[in-house]
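# Coordinates in review
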Amino acid sequence: MEETSTMPDLTVPPTPPTPPTPPVPLGALLAREDLGLRQIAGPSDPDIAIHWAHTSEMPDPYPYLLGGELLLTAGVHIPDAAGSGTYFDDYVARIVEAGGVALGFGVAPVHDTVPRALVAACDHYDLPLLEVPPPTPFSRVARAVWQLMAQARLAELRRVTEAQQSLAAAASRPDPLPSVLRQLAQRVGGRAVLFGPDGTEIAGAGRGAGAVGATGAGRGAGAVGATGAVAGGRTGSTGTGTGTGTEAGRGAGASGAGVSGSGVSGAGVSGAGVSGAEVREALAELVRVVRPPAAPASTPTSPTSPTASPTSPVSTLAPTPTSTSTDSTPPPRPAPTSATDTVSGIHLAAYALGTGQGFVLGVAAPQRAPGDHTIASVAAVLLSLLTGEHQSRTGADRSSALVRLLLGAPPEDVASLLGGDRWLVVHALPDAGTGPDPVATSALGAALGSALIDLAPEVVRVLVPGDREPARQLGWTLGVSAPVAPEDWPAADKQAARALARARATRTPLVVHGASGRAGLADLLPHDAAEEHARTLLAPLAAHPALVETLRTWLSLHGSWDRTAVALAVHRNTVRQRIARCAALLETDLDDPDVRMELWFGLRQL
C-alpha cells in the first residue's frame with residue numbers, strides 16, 4: 001500500500017529559529033553613542049533585525065550560529081596570508097549561510113584596522129560590517145543588544161495590555177461587534193472584518209482595502225508553518241506541498257498534503273500599490289482556509305475540499321479522488337485556527353472564531369508590528385463570545401424563554417425551551433471573600449453544565465438541569481436544592497439559599513438539600529395538613545422574617561451560636577437576642593428537644 005511521503009524537502013533550507021524577544025534594528029544599535037560603532041561595509045538598511053549577539057574566534061563559525069546574530073570577532077582566527085587567498089570570502093559566506101545578519105570587527109589588540117579583504121567580502125555578500133572601536137568591549141555591545149530587546153519587549157507588553165483593555169471596554173458597549181472591530185483596526189493600523197458562515201462581510205472597520213494597499217510594496221514568498229500560517233505573494237505559482245501538516249502546514253484538506261515554501265512561491269506583486277479588490281480577494285481566500293470544514297458555508301471551492309477550484313492557491317495540494325468508494329477517501333484534515341498571508345506588502349491574517357459556527361475574523365494591515373497577533377487573538381476571543389451567544393440554537397432558545405417570561409408566561413411553559421422538566425438551583429459564593437468575578441462565574445457555569453447564570457452582587461445563582469450532579473468546585477462554596485419542576489423554582493431557590501448558609505457555617509464546600517434521600521415523618525402526612533399546622537405553630541413569628549430565618553438556621557446547626565452567626569453574617573450576640581425573642585413570642589422552651597423537633601418540622605413545611 002502506497003503512502004504519501006512525509007519526508008521534508010531537503011532542497012529548501014531550514015528556517016533558523018528566532019527567540020521570543022523582539023528583534024533590535026541595526027540602526028538602533030548604531031545610534032548608541034556610548035558604543036561608537038561605525039558601519040563600513042554592506043547594505044545600509046537601518047531596519048536589519050538583530051536577534052542576539054554572539055562572540056566567536058572560530059575560522060568557521062557556521063556550527064555555532066542559530067541565525068539572526070550580530071557576530072563579534074577580533075580576528076584572532078585570521079592567518080597571516082589570508083589577504084591573498086579566499087579566506088575572507090569563505091568566512092563571510094559561511095556567516096551568511098548560517099543566517100548571521102551582521103559582523104562586528106574589533107579593532108585592537110590583534111588588528112589595528114579592519115582588513116580590506118574583509119570589507120570587500122562583506123560588500124560582495126551584502127553583510128553589514130561594523131567597526132568596533134578599541135574602548136568598546138564586546139560585552140558592552142552584547143549588553144546593549146539585550147537592553148534594546150528589553151525595552152522593545154516592555155513597549156510591546158504595554159501596547160498589548162492597553163489594547164486588551166480597550167477591546168474589553170469595546171465589547172461591553174451597546175454595539176459590541178462594530179466597537180471591537182473599530183478598536184482592533186485602530187490598534188493594528190489597518191482594517192478588521194467579521195465574515196459570516198457564508199463568507200460574506202457582516203461588519204468591518206478601519207481603512208478600506210484600497211487605502212491599505214496603497215502603501216504596499218511587493219515582497220516575498222514564504223511557507224506555511226505549524227500553525228497553518230501562509231506567507232508569500234499571490235502572484236506565485238502553486239505546486240504540490242511536501243511534508244506533513246506539522247512540517248509544512250495544515251488546512252490543505254487532503255491526506256499527507258501540506259504547503260511548503262516551494263508550494264506557494266513567488267516574489268509578490270511588484271510596484272508601489274495594490275488594488276483593493278486584490279486584497280479583498282486574498283483575504284476572503286485566507287478566510288476559507290481557516291473556516292471549519294463542517295461550517296454551513298462550506299463550498300466546493302473551499303481549500304479544505306478535495307475538489308478545490310483550479311484557481312485556488314492550494315488547489316494542487318492533493319489529486320481529486322477518482323473513486324467514489326468511502327473506504328478509499330481519506331478523512332478531511334481539520335482546518336487551522338489561524339492563517340497569515342502577504343500580498344504586495346499588505347499583511348493579511350484570518351482567525352477562526354471558537355464558536356464552531358463558521359465565523360472568521362479577517363485583518364489587513366500595511367505593517368506587522370510585534371504584538372499584533374496577540375491583539376488580534378484577544379479580539380477573536382471576544383468576537384467568539386459575542387457571535388456564539390447569538391447564533392447557537394441554545395442561545396436563541398434561552399432568549400425566547402426570557403422574552404416569554406418577561407411577557408408574563410409561567411415558568412412551566414418556557415421550561416421546555418431551556419432543556420428539561422426537572423431542575424436544580426445552585427447558590428454559590430467565592431471562597432476568596434470578594435465579590436463574584438464575571439470570568440470566574442462563567443467558568444463555574446461551564447463546570448456545572450449550564451449557561452443560565454445570575455451574577456448578583458451578594459450571591460451567584462445557577463439554574464442546572466436536574467439530571468446533573470453538581471460536584472465540588474475549587475474556590476467556591478455551593479448550596480444545591482433538590483430537583484424540582486419549573487413551577488417549584490421559587491421553593492428550590494430557598495432550598496439552595498439555606499444549603500449555602502449551612503455550607504458556609506460548617507465550612508463545607510458543597511451542601512445539597514435533602515441529600516440523604518430517605519423518606520421522613522413529614523411524608524406520612526398530607527402536605528396541606530402539615531402546612532396548616534406549621535403556619536399555626538409559627539404564627540407568632542409571621543411578622544418577623546428575620547426571626548424565622550434565624551430560628552431555622554439555628555436549629556439546622558444544632559443550636560450553635562457561632563456557626564449561625566457565620567451563616568447569617570451577623571454577630572453572635574445578635575443571634576442570641578433573636579433566639580431569645582423567638583422563645584418569648586412562641587412562649588416555649590427552646591432547650592427542650594421535643595420543642596425543637598416540632599419547630600423544625602413546622603419550618604420544613606414553609
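This text gives an overview of the structure that appears in the document.

Criteria and cut-off values
- Residues numbered from 1 in each chain as written.
- Predicted model: local features only at pLDDT ≥ 70, side-chain atom pairs only at ≥ 80, totals over all residues.
- Heavy atoms only, no water.
- Helix = DSSP H or I, 4+ residues; strand = E, 2+ residues; numbered from the N terminus.
- Buried < 20%, exposed > 50% of the residue type's maximum accessible area, 1.4 Å probe, protein only.
- Contact = heavy atoms within 4.5 Å.
- Areas by Shrake-Rupley, 256 points an atom, 1.4 Å probe, with all protein chains shown as cover.
- Axes fitted to C-alpha atoms, helices over the stretch in contact; angles between N-to-C directions.
- Parallel < 35°, antiparallel > 145°, perpendicular 65-115°, else oblique.
- Left-handed = near helix turned anticlockwise from the far one by under 90°.
- Nonpolar A, V, L, I, M, F, W, Y, C, P; charged D, E, K, R; others polar.
- Pairing = 2+ DSSP bridges.
- Salt bridge = Lys/Arg side-chain N within 4 Å of Asp/Glu carboxyl O.
- Patch = residues over 30% accessible without salt bridge, like charges linked within 9 Å, V, L, I, M, F, W, Y side chains within 5 Å.
- Lys, Arg positive; Asp, Glu negative; His and termini not counted.
- Charge placed at Lys NZ, Arg CZ, Asp CG, Glu CD.
- Phe/Tyr/Trp six-rings, centres within 6.5 Å; stacked < 30°, edge-to-face > 60°.
- Lys NZ or Arg CZ within 6 Å of the ring centre and 35° of its normal.

Across its full length, the protein chain holds 18 helices and 17 strands. For the protein chain, buried positions account for 43% of its 606 residues. Considering only intrachain contacts with a sequence separation of at least 6, the fraction spanning at least 24 residues in the protein chain is 67%. When the accessible surface of the protein chain is summed, it comes to about 30,700 Å², and 56% of that surface belongs to carbon and sulfur atoms.

Their axes nearest at 8 Å, the elements helix 13 (residues 489–506) and helix 16 (residues 561–568) cross at an angle of 125 degrees. For the element pair helix 13 / helix 16, the angle class is oblique. Relative to helix 16, helix 13 is oriented so that their crossing is right-handed. Together, A501, R504, A505 and T506 of helix 13 and R563, V566 and A567 of helix 16 make up the contact between the two elements. Looking at the contact of helix 13 with helix 16, its residues break down into four nonpolar, one polar and two charged.

Across the sheet, which stays open at both edges, the five strands sit in the order 9-8-12-11-10 with antiparallel pairing between neighbours. In this open sheet, the two strands that pair with only one neighbour each are strand 9 (201–206) and strand 10 (338–343). Strand-to-strand twist of the sheet, defined as the mean angle between neighbouring strand axes without regard to direction, takes the value 15 degrees. Pairing analysis gives five bridges linking strand 8 (residues 191–195) to strand 12 (residues 360–365), with the strands arranged antiparallel. The residue of strand 12 that forms the bridge with R191 is A364. Its contacts with the sheet place helix 5 (residues 176–188) against strand 8, strand 9 and strand 12, and it is angled at close to 145 degrees to strand 8. Lying on the sheet, helix 8 (residues 276–290) is in contact with strand 8, strand 9, strand 10, strand 11 (346–352) and strand 12; it crosses strand 11 at an angle near 30 degrees.

Okay, the pattern of salt bridges next. Applying the stated rule across the entire model yields twelve salt bridges. Between D372 and R159 there is a salt bridge whose closest N-O contact spans 2.5 Å. Here D372 is found in helix 9 (residues 372–391), whereas its partner R159 is found in helix 4 (residues 138–171), with 213 residues between them in sequence. Among the residues examined, D372 registers a relative accessible area of 9% and is labelled buried.

This part covers the packing of helix 15 (residues 545–556) against helix 16. Where helix 15 contacts helix 16, the two axes come as close as 9 Å, and the packing angle between them is 130 degrees. When the axis of helix 15 is compared with that of helix 16, the two are oblique. The crossing of helix 15 and helix 16 is right-handed. For the pair helix 15 and helix 16, contact is made by E549, T550, T553 and W554 and by W561, T564, A567 and L568, respectively. When grouped by side-chain class, the residues that make up the contact of helix 15 with helix 16 number four nonpolar, three polar and one charged.

The next subject is the side chain of R552. Examined against the element boundaries, R552 turns out to sit in helix 15. Classification of R552 as buried rests on a relative accessible area of 8%. When residues no more than four places from it in sequence are discounted, the contact partners of R552 are R498, W600, L603 and L606.

Right, let's talk about unusual backbone geometry for a bit. A cis amide bond links A108 with the next residue in sequence, P109, at an omega value of 5 degrees. Here P109 lies in the loop between strand 6 (102–106) and helix 3 (116–124). By the element assignment, A108 lies in the loop between strand 6 and helix 3. Of note in the backbone geometry, D126 takes a positive phi value of approximately 55 degrees without being a glycine. Here D126 lies in the loop between helix 3 and strand 7 (129–132).

Right, let's get into the sheet that holds strand 6. What the five strands build is an open sheet, ordered 2-7-6-5-4; its pairing is mixed. Of all strands in the sheet, those bounded by a partner on one side alone are strand 2 (38–41) and strand 4 (52–55). Strand-to-strand twist in this sheet, taken as the mean axis angle between neighbours without regard to direction, amounts to 30 degrees. Sheet strands in contact with helix 4 are strand 4, strand 5 (69–73), strand 6 and strand 7, and its direction is about 165 degrees off that of strand 4.

A surface patch of negative charge is lined by E412, D413, E487 and D488. Relative to the helices and strands, D413 is located in helix 11 (residues 411–418).

Here we take up the packing of aromatic side chains. Each aromatic ring pair is specified by the distance between its two centres and by the angle formed by the two planes. Tallied over the full model, the rule gives four aromatic pairs. For the ring pair Y87 and F88, a centre distance of 5.7 Å and an interplane angle of 85 degrees mean the geometry is edge-to-face. Per residue, the accessibility class of Y87 equals that of F88, and both read buried. Arranged with centres 6.3 Å apart and planes meeting at 5 degrees, the rings of Y87 and Y91 form a pair that is stacked. Of this pair, Y87 and Y91 both sit in helix 2 (residues 87–98), four residues apart, which is roughly one turn of that helix. Following the ring pairs from residue to residue traces out a cluster consisting of Y87, F88 and Y91. The residue whose ring lies beneath R94 is Y62, and the NZ or CZ to ring-centre distance is 4.2 Å.

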